[in-house]
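# Structure assessment
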Amino acid sequence: MFPSVLRAGRVTACLLALCSAPFCAAALTPVEPAALPQGDANLAARLASYAGRPVLVNFWASWCEPCREEMPALQALADRGVVVLIIAVADRDADARRFLDQAGVALPLLFDREQRISKAWGVRLLPYTVVLDGRHRVVARAQGVVNWNASAVREQLQRLMR
């Protein structure tokens, strides 16, 4: 349905700008609480530093225009006290850092150049968001751009992160 971007021999889909936030916002879909996939020590350590706190994990890439458009709203959530962790998928460190600096985004950042984390978490489309409750269980997912500025989305997120 959506074009794909070929990266390092793997396919990572990215919604085109035609499907950005104003045109087709993704839904934040609640799921039955589930344990996190295992495997990445850096991610495990970062999440451990947020023990007892809900976390919004966003998979993105600097080469993904809808991901770029979503970043200011994610920063605004963090500015309001939501823990937001971003994971750059199949991206160059310098490109991701340059974009974040230029956009004024200062969110905790991990890199998933080889797509090990994103594959383990079932990410097939960017941007992709996972909401973790205070026990770090997956409680919601969103595939595509989420309108984080919408009051209904904020209210839903607040309920999910209790």
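Below or above, wherever it landed, is the structure these notes cover.

How each quantity is defined
- Residues numbered from 1 in each chain as written.
- Predicted model: local features only at pLDDT ≥ 70, side-chain atom pairs only at ≥ 80, totals over all residues.
- Heavy atoms only, no water.
- Helix = DSSP H or I, 4+ residues; strand = E, 2+ residues; numbered from the N terminus.
- Buried < 20%, exposed > 50% of the residue type's maximum accessible area, 1.4 Å probe, protein only.
- Contact = heavy atoms within 4.5 Å.
- Pairing = 2+ DSSP bridges.
- Right-handed = clockwise from strand over helix to strand, strands pointing away.

Position of Leu110 among the secondary structure elements: in strand β6 (residues 109-112). On the accessibility criterion, Leu110 (9% relative accessible area) is buried. The spatial distance from the C-alpha of Leu110 to the C-alpha of Arg46 is 8.8 Å, given a sequence separation of 64 residues. In contact with Leu110, other than residues within four places in its own chain, are Asn42, Leu43, Arg46, Leu85, Ile86, Ile87 and Ala88.

For the rest of this paragraph, the subject is the pairing of strand β5 (residues 84-89). In terms of residue burial, β5 counts as a mostly covered element, since six of its six residues are buried. Here β5 shows no split at all, with Val84, Ile86 and Ala88 on one side and Leu85, Ile87 and Val89 on the other all buried. As paired strands, strand β4 (residues 55-60) and β5 are joined by five bridges and run parallel to one another. Within β5, the position partnered with Asn58 by the bridge is Ile86. Running through helix α2 (residues 65-79), the crossover from β4 to the neighbouring parallel element β5 is right-handed. Relative to β6, β5 runs parallel, the two being bridged by four bridges. Counted as the bridge partner of Ile86 is Leu109 from β6.

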